[in-house]
Amino acid sequence: MQLRRAFQGRWVAVGMLAPSMLAVAIFVYGFIGWTARVSLSEWRGLLPDYTWAGLANFVDLFADRRFHIDLINTLVFTSFFVVGAVTAGLLLAILLDRQFRGDSFFRSLFLFPLAISLVVTGVAWRWLMNPSTGERLSGLNLLLGTFGIDPLAWHTSDQPWGIAFVALPAVWQMAGFTMALFLAGLRAIPEELKEAARVDGASELQVYRGVILPLLRPVLLSALIILGHLSLKVFDLIVAMSGKDIRLDVPSIYMWTTTFDANNYARGAAIAIVLLIMVAVLVVPYLAWSLRREAEV
Amino acid sequence: MWRRLLVGVATSALVLSACQQAAAGEVEVFSWWTAGGEADGLAAMVEVFNEEYPDLTFVNSAVAGGAGTDARAQLATRLQASDPPSSWQGHAGQELIGTYVAADQIEPLNFLYQEEGWLDVMPETLIPLISEGDNIYSVPVNIHRANVMWYIPSNLQEWGVEAPTTWDEFLATAATLEDAGVTPLAIGFQWTHMHLLETVLLGSLGADAYSALWDGSGDWSSADVTAALETYHEVLHFANADASTLEWDQAAQLVVDGTAAFTIMGDWAEGFFKAQGLEPETDFGWAPAPDTDGLFQFLSDSFVLPVDAKNREGALAWLRVAGSQAGQDAFNPIKGSIPARSDGDRSLYDAYLTSAMDDWATDTVIGSLTHGVVANDAWKAEIDSALGLFLADGDVGAFQEALVAACAETGPCS
Amino acid sequence: MTSVPVTIAAPRGAGRRAWARSLGRGLRFGLLLACAAFFLLPIWVMLITGLKSFDEVSLARMWELPSGINLDNFAAAFERLAPNLLNSILLAVPAAAISAVIGSMNGYILSKFKFPGSDLVFTLFLVGMFIPYQSVLIPLVLFVQSIGLSGSLLGLILVHVIYGIPITTLIFRNYYATVPTEIVESGRVDGAGFFGIYRHLILPLSIPGFAVVLIWQFTQVWNEFLFALVLTRPQTWPVTVALNNMAGTQIVEWNVQMAGALLAALPTLVVYILLGRYFLRGLMAGALKG
């Protein structure tokens, strides 16, 4: 009697899950498959053209100078963004990992950029990072000037450093999120471990290096993966800041322009697949590792 | 209790959103005229439409975004789904023909031209540029001129220079200006660089050689093109360093502020100068871009008739208004362009526009690259990529090679 | 050799420690204030530009305060954006609510029912969280058109609900993992079926999970641009698309634009100010642990 009911419960459960499974199967995997099919075709105008082209689009893509710039930019942006957001998040978390008056105000403050679209703030950042010098000094350069610092070229710096500056608004948006992740991690560290280290004569700095930071590694890994995949997908921010300047080009923008401006659906799909592969390389090992770790627990 | 509230809100919202269905008798028109003079001009033309066709409702599906890329993306997905609007705005020329005619998505309009007698009022040199073979594919509403150089006369006087008439003169004047601490040329985002490029190409190569580049008979790898690109490279040395952060109007602002001397921009810039409170001829001046006197490098906003248009009769009604004297004279003075028809009411147009109408009637008509007349989208995108790479590395040789490749892959070159 | 006296280090008197502590506190507060100022910078720029009149707006005068509190821009922006703000509400509220319910159900199933393949299903869901939206844009539009929902908010809601399944499932699964299985067991022993257990035992415990998911989904859907652009018509545009439209293709009225941007950001900002602590609590409780 109990067994049957338990068994029925399980079937109902699977049944309730089924619509989601179907939706994900179509909207994620089905569509990815469609995109992959187009990337292997010769579709170059408004009319679908599924003539088989093999890997020609991919070969052309990797010989494409613009795509080279895209890949370098992605590498630079991801590095600066991830390192920036992790460092800022960790710093903020350490600063806020105590009870004091106003602590929750600061926490909410640092989290609020997440609530605002980058299309909205992108223009403000473009103004802030204005590189004009001399009479037309403006934005952050003006502020830096009052501290006696030379004006920077910001995102108009030579390739490939321009895009490193575009990481600044991205860090601004995501630092609060990383901070929340680290705060969670810090809270999970038992006080006894820290106390034991202090009793042994370790200074605060040594407590951090020896006890706290190593225990934050799983959180760090989650943060790296989430930030990493977001940076591969970045689109709205760069468009808002750059007006499609090729020096700041990234694969997701190239994909948009090549599909909708040049009507080259085959190449657009090829870029989309390369983008997917880059994300998969980052995400799949992590998912496998984290699931295995859960199974062990 | 919260849950019930949530469910209630969700259901009512769903019901509300499902009620937004389209009604019949509607004419849905896509454009990118969403703000400022453009939106106002469109509204004026819609008023004419409503007067003449009171039974039809105009649905304004305008989407903004630089020269319509977002609008075109939305249009592309509608066309993919075989759900075209009644009409859409496009740049007359290859932008429309290379994309939509090639995909059999717009209808030829010769019958309409004959019915309305437009062949008598639209310039002869214009018709071939908006046709494929003998088929005319769009109704041009306005004409803009691309090869115009703008400046503030009182500033030029102060600096002791004159508006140059050739590129050599420009380079000499620029050197003088630079010594005086003035930025010779104000320019903005990458598309404004393409805009400059086409005027330099036209000026350097001349009308015939320039046109030949676009129909496959010209040679992109020739020494003349190399010389033109070298000139372009030199001219860019005299541009403002922060160009990549400026919209075209912010670049024009530099001229107004006296920080820069010249900007080469289409004549929609006139609307900007006037909005700053400046008067044509007295406060701001213009001249054809160097070496292009007598040449009218044009672009035109025009409307098409989609195959399987929604409410085809309504679509035709809209096209009739767009091509009519009343419609064009309602739209253009506000928008800041000249009518495509030659019988516009001159009293409605200001000093610059009337001079442009004179030039339109007498000059040789040449097509613009940046604004979709001479090259289809795919080709223009390839040129844009090549230009972007050139702006990043300054390599003229590689730039020319890329242009040759672009013509071979996506243009008529073999 | 004679040992070095231990007292070479300065004596750790109570006084010295207190002084160090207040210095540390002061330093920390100073740092936090500096960070806070940096975080508020873009909003500040938007605010003062939104309060200026058209001729005061230029890059050169960016940091100058407006000559007066000019609320005209906000009024003008509101007039243009009001229907779109309504659309955004009609879009984001149902989408967030529905995807929260679905995520809760899925999270419950995947955390409490270990049927063969449940881990695989979960992983396959998670992968969906990471895909770039551009990659599925065209087939998505064709599909939505084929079921007759192109141009309506309903279609966009459906799309957001579906693409929200991975992350809402993840958050709830992680959340329910902390709920002891005994609760489910006791419900079963009492004779409750699947839905009974869910309604009476699981849902009441789910408030924190719902807080995180609702806030996250509302924000994501409200701010989303790409899908909104291609799946709606002017009558159904959410505020993100309408805001972009206000910029126009030629002369941009930056003061009205920034005022409009602030208006568009206001609802999500309000949600964060009022409910942000629940979101933070949820995040810190490990809601998004992979």
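Residues numbered from 1 in each chain as written. Chains lettered and ligands numbered in written order. Predicted model: local features only at pLDDT ≥ 70, side-chain atom pairs only at ≥ 80, totals over all residues. Heavy atoms only, no water.

Novice: What am I meant to see in the overall build of chain B here?
Specialist: Across its full length, chain B carries 17 helices and 15 strands. Once the C-alpha set of chain B is aligned to its principal axes, its extents read approximately 70 × 60 × 45 Å. Classification of the 414 residues of chain B by burial places 62% in the buried group. If you take every contact in chain B between residues at least 6 apart in sequence, the share linking residues at least 24 apart comes to 78%. Total accessible area on chain B stands at roughly 14800 Å², and carbon and sulfur atoms take up 50% of it. If the 13 positive side-chain charges of chain B are averaged to one point and the 60 negative ones to another, these points end up 16 Å apart. (Helix = DSSP H or I, 4+ residues; strand = E, 2+ residues; numbered from the N terminus. Buried < 20%, exposed > 50% of the residue type's maximum accessible area, 1.4 Å probe, protein only. Contact = heavy atoms within 4.5 Å. Areas by Shrake-Rupley, 256 points an atom, 1.4 Å probe, with all protein chains shown as cover. Lys, Arg positive; Asp, Glu negative; His and termini not counted. Charge placed at Lys NZ, Arg CZ, Asp CG, Glu CD.)

Novice: It is not clear to me how the overall build of chain A should be interpreted in this structure. Could you clarify?
Specialist: Each helix and strand counted, chain A has 13 helices and zero strands in total. Put simply, chain A runs from its N terminus to its C terminus through helices and strands in the order α-α-α-α-α-α-α-α-α-α-α-α-α. Relative to the compact-globule value of 19 Å for 297 residues, chain A shows a C-alpha radius of gyration of 24 Å, a clear excess of over 25%. Relative to its 297 residues, chain A shows a buried fraction of 56%. Taking all contacts inside chain A whose residues are at least 6 apart in sequence as the whole, residues at least 24 apart take part in 67%. Just so you have it, chain A exposes about 12700 Å², and 67% of that area is on carbon and sulfur atoms. One way to put it: in chain A the 23 positive side-chain charges average out to a point 7 Å from where the 21 negative ones average out. (Rg over C-alpha atoms; globule rule 2.2 N^0.38 Å.)

Novice: Just to check I follow, could you spell out the sheet that holds strand β14 (residues 338-339) of chain B for this structure?
Specialist: Within a sheet, neighbouring strands are paired by backbone hydrogen bonds and run either parallel or antiparallel to one another. Residues and elements named next belong to chain B. Across the sheet, which stays open at both edges, the four strands sit in the order β14-β7-β12-β15 with mixed pairing between neighbours. The open sheet is flanked by β14 and β15 (364-367), the only strands paired with a single partner. Pairing of strand β7 (residues 142-145) with β14 involves two bridges; the strand directions are antiparallel. Of the residues in β14, the one forming a bridge with N142 is P339. Packed on one face of the sheet, helix α9 (residues 190-215) meets β12 (295-299) and β15 and runs near 105° to β12. (Pairing = 2+ DSSP bridges. Axes fitted to C-alpha atoms, helices over the stretch in contact; angles between N-to-C directions.)

Novice: What's the story with the sheet that holds strand β2 (residues 57-62) of chain B in this structure? I'm lost.
Specialist: Residue and element names in this part refer to chain B. Taking strand neighbours across the sheet as the criterion, the five strands line up as β2-β1-β3-β13-β6 in an open arrangement whose pairing is mixed. In this open sheet, the two strands that pair with only one neighbour each are β2 and β6 (139-140). Here β6 runs beside strand β13 (residues 301-303); their pairing, made up of two bridges, is antiparallel. Bridging across to β13, V139 finds its partner in F303. Lying on the sheet, helix α4 (residues 94-101) is in contact with β3 (87-91) and β13; it crosses β3 at an angle near 125°.

Novice: Sorry if this is basic, but what is going on with the pairing of strand β8 (residues 148-151) of chain B here?
Specialist: Consecutive side chains of a regular strand alternate in pointing toward one face of the sheet and then the other. All names here are of chain B. Alternating residues of β8 divide into V148 and W150 and M149 and Y151, and every residue in both groups is buried. Relative to strand β11 (residues 285-288), β8 runs antiparallel, the two being bridged by four bridges. The partner of W150 across the bridge, within β11, is W286. In terms of strand pairing, β8 meets strand β10 (residues 260-264) through two bridges, oriented antiparallel. Bridge pairing in β10 links M149 to I264.

Novice: Teacher, can you tell me more about helix α9 (residues 204-215) of chain A here?
Specialist: Every α-helical turn comprises 3.6 residues, leaving residues that sit three or four positions apart pointing alike. In a regular helix each residue adds 1.5 Å, so 12 residues correspond to 16 Å; α9(A) covers 15 Å between its end C-alpha atoms and thus fits that length. Tucked into the core, α9(A) has its buried residues touching α3 (65-96), α7 (162-187) and α8 (191-199) of chain A. (Expected span 1.5 Å × (residues − 1).)

Novice: Before we go on, may I ask you to explain the confidence of the model for chain A in this structure?
Specialist: Low pLDDT means the predicted atomic positions in that stretch should not be read closely. For chain A, per-residue confidence averages 83 on the pLDDT scale, and 94% of positions sit at 70 or higher. Least confident of the elements in chain A is helix α6 (residues 139-146) of chain A, whose mean pLDDT is 77; most confident is α3(A), at 92. (pLDDT = per-residue confidence, 0-100.)

Novice: Sorry if this is basic, but what is going on with the side chain of Q297(B) here?
Specialist: Residue and element names in this part refer to chain B. Mapped onto the secondary structure, Q297 falls in strand β12. Here Y210 takes part through its side chain, which lies 3.0 Å from a polar atom of the side chain of Q297. Apart from the residues within four sequence positions on either side, Q297 is in contact with H144, R145, A146, N147, E198, T199, L202, Y210, I366, G367 and S368. (Polar contact = N/O pair within 3.5 Å; in protein donor to acceptor, adjacent residues only side chain to side chain.)

Novice: Explain a negative patch on the surface here, please?
Specialist: Residues and elements named next belong to chain B. Side chains of E162, D168, E169, E230, E234 and D291 sit close together on the surface and give a patch of like negative charge. Considering the arrangement of structural elements, one finds E169 in helix α8 (residues 167-179). Given the relative accessible area of 35%, E169 is considered partly exposed. (Patch = residues over 30% accessible without salt bridge, like charges linked within 9 Å, V, L, I, M, F, W, Y side chains within 5 Å. Salt bridge = Lys/Arg side-chain N within 4 Å of Asp/Glu carboxyl O.)

Novice: Would you explain the state of the cysteines in this entry?
Specialist: A covalent bond bridging the sulfur atoms of two cysteines is what the word disulfide describes. Residues and elements named next belong to chain B. In this structure the tally under the stated criterion is one disulfide over all chains. The disulfide that involves C407 links it to C413, with 1.8 Å between the sulfurs. Given an S-S torsion of about 75°, the disulfide between C407 and C413 has right-handed geometry. Considered together, C407 and C413 belong to a single accessibility category, that of buried residues. (Disulfide = S-S within 2.5 Å.)

Novice: Please explain the interface of chain C and chain A as it appears in this structure.
Specialist: For interface size, the figure often reported is the accessible area lost on association. Between chain C and chain A, the contact holds 79 residues from the first and 81 residues from the second. Counting each side, the surface lost to burial between chain C and chain A is near 7800 Å², with a carbon and sulfur contribution of 81%. Counting every contact that joins chain C to chain A gives zero salt bridges. One can count seven residue pairs in polar contact (both at pLDDT 80 or more) joining chain C with chain A. Of all the elements, helix α1 (residues 14-50) of chain C adds the most residues to the side of chain C that touches chain A, at 16 residues. (Buried area = accessible area lost by both parts, 1.4 Å probe.)

Novice: Explain empty space enclosed by the protein here, please?
Specialist: Regions of empty space are outlined by a rolling probe, equal in size to a water molecule, passed over the atoms. Taken as a whole and assessed by the stated rule, the structure comprises 13 cavities of 30 Å³ or more. What the second largest cavity holds in volume is close to 1100 Å³. In terms of lining, the second largest cavity is formed by 38 residues, of which the most central are L230(A), K233(A), D236(A), Y133(C) and Q220(C). Only α3, α7, α10 (217-233) and α11 (236-242) of chain A together with α3 (118-130), α5 (153-177) and α8 (207-223) of chain C provide two or more residues apiece to the lining of the second largest cavity. Looking at which element gives the most residues to the lining of the second largest cavity, the answer is α8(C), with six residues. For the lining of the second largest cavity, a count of residues per class yields 23 nonpolar, 12 polar and three charged. (1 Å grid on protein atoms, 1.4 Å probe; cavity = no way out; pocket = protein on both sides within 12 Å on 5 of 7 lines; lining within 4 Å. Points joined across faces, edges and corners; volume = space filled by probe spheres on them. Nonpolar A, V, L, I, M, F, W, Y, C, P; charged D, E, K, R; others polar.)

Novice: For this particular structure, what's the right way to read a nonpolar patch on the surface?
Specialist: Residues and elements named next belong to chain C. A grouping of L266, V270, I273, L274, L275 and Y278 is seen on the molecular surface, where their side chains present a nonpolar patch of about 560 Å² in accessible area. Residue position: V270 is located in helix α11 (residues 254-284). On the basis of relative accessible area, V270 is assigned to the partly exposed category, the value being 38%.

Novice: Looking at this model, I keep getting lost on unusual backbone geometry. Mind explaining?
Specialist: Glycine aside, negative phi is the norm for most residues, and most peptide bonds take the trans geometry. Residue and element names in this part refer to chain B. Within the chain, D291 stands out as a residue other than glycine whose phi angle is a positive 65°. Within the secondary structure layout, D291 lies in the loop between β11 and β12. In this structure D291 comes out as partly exposed when scored by relative accessible area, which is 32%.

Novice: Just to check I follow, could you spell out the pattern of salt bridges for this structure?
Specialist: Note that side chains of opposite charge can pair when their charged atoms are close. All names here are of chain A. Applying the stated rule across the entire model yields 18 salt bridges over all chains. One salt bridge in this structure joins D245 and R247, with 3.2 Å as the shortest N-O distance. By relative accessible area, which is 12% here, D245 ends up buried. We classify R247 as partly exposed; its relative accessible area is 22%. When salt bridges that share partners are traced, they join E191, E195 and R198 into one network.

Novice: Explain the packing of aromatic side chains here, please?
Specialist: Describing an aromatic ring pair means giving the distance of the ring centres and the angle of the ring planes. With the rule as written, the count across this model stands at 58 aromatic pairs over all chains. Here W150(B) and Y352(B) contribute two aromatic rings whose centre-to-centre distance is 5.3 Å and whose plane-to-plane angle is 50°, an arrangement assigned as tilted. One end of the pair, W150(B), is in strand β8; the other, Y352(B), is in helix α15 (residues 351-362), with 202 residues separating them in the sequence. One cation-aromatic arrangement involves K233(A) over Y133(C); the distance from NZ or CZ to the ring centre is 5.7 Å. One Lys or Arg, R173(C), reaches over the ring of F122(C) and ends 4.0 Å from the middle of that ring. (Phe/Tyr/Trp six-rings, centres within 6.5 Å; stacked < 30°, edge-to-face > 60°. Lys NZ or Arg CZ within 6 Å of the ring centre and 35° of its normal.)

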